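Working through the structure, step by step
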There are 2 protein chains.
Amino acid sequence: MDNLTGLRKQINLINNEILKLLNKRAALVQKITMLKNETGTDYYDPMREAEMLSDILNQNKGPLPDELVKEVFSSIFHTALNYMGISNERKLLV
Amino acid sequence: MDNLTGLRKQINLINNEILKLLNKRAALVQKITMLKNETGTDYYDPMREAEMLSDILNQNKGPLPDELVKEVFSSIFHTALNYMGISNERKLLV
């Protein structure tokens, strides 16, 4: 349905799907955190971030322009780093 | 596969799925832009943003904490507004 209400309902569904993927991603990031703890590896890996961004932009068919895709994924990467710190603190409290 | 390479491959797939959803969302935002142009309605609707965020946080089952989910979606909403401006400029140039 292409009136405002219908379009907003569709966006609500997409928001929820994005949320699920963000959490699925975070669960994988949690596993990486544990691996990195075992090997004493830095969480922040700028080469890995650059590589992910490059892959994402290569696959971007729009309509979002690359600079806006980059902005959203920078936020996703930033929150993942935050999350690695948080999930590490919780481990240390156990 | 739960070694670093395997986990990164899984994250690459999720990044791509998120990208597709962001673009699907942007296509809907484009339709909303056109509707709002017809009715002369403001693009920025803080009540609608608050409502979307509230729905999203109500559905958040983790592991991401609410504040990090909020950070990512603030970025998504911000880029959507930017995109509405860009997609409007392109229309005016036609």
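Okay, so let's go over this structure. (Residues numbered from 1 in each chain as written. Chains lettered and ligands numbered in written order. Predicted model: local features only at pLDDT ≥ 70, side-chain atom pairs only at ≥ 80, totals over all residues. Heavy atoms only, no water.)

1. What about the relation of the copies chain A and chain B?
Laying chain A over chain B is done by rotating through 180 degrees and shifting 0.0 Å along the axis; what remains is an RMSD of 0.0 Å. Given the turn and translation reported, the copies of this chain are related as if by a two-fold rotation axis. With an isologous cut-off of 70% or more, the 100% of interface residues of chain A that recur at the interface of chain B puts this contact in the isologous class. (Least-squares fit on C-alpha atoms with pLDDT ≥ 70 in both. Contact = heavy atoms within 4.5 Å.)

2. Notes on the pattern of salt bridges
This model, assessed by the stated rule, comprises six salt bridges over all chains. In this structure, the salt-bridge partner of Arg 8 of chain B is Asp 45 of chain A, at a minimum N-O distance of 3.1 Å. In this pair, Arg 8 of chain B is assigned in helix 1 (residues 4-39) and Asp 45 of chain A in the loop between helix 1 (4-39) and helix 2 (46-59), connecting two distinct chains. For the salt bridge of Arg 48 of chain A with Glu 51 of chain A, the shortest nitrogen-to-oxygen distance reads 3.0 Å. Within this pair, Arg 48 of chain A and its partner Glu 51 of chain A are both found in helix 2, separated by three residues, close to a single helical turn. Note on Glu 51 of chain A: relative accessible area 43%, which makes it partly exposed. (Salt bridge = Lys/Arg side-chain N within 4 Å of Asp/Glu carboxyl O. Helix = DSSP H or I, 4+ residues; strand = E, 2+ residues; numbered from the N terminus. Buried < 20%, exposed > 50% of the residue type's maximum accessible area, 1.4 Å probe, protein only.)

3. Re the environment of Ser 74 of chain A
Residue and element names in this part refer to chain A. Topologically, Ser 74 is positioned in helix 3 (residues 66-93). Residue classification places Ser 74 among the partly exposed residues on the basis of a relative accessible area of 38%. For the pair formed by Ser 74 and Leu 57, sequence separation is 17 residues and the distance between their alpha carbons is 12 Å.

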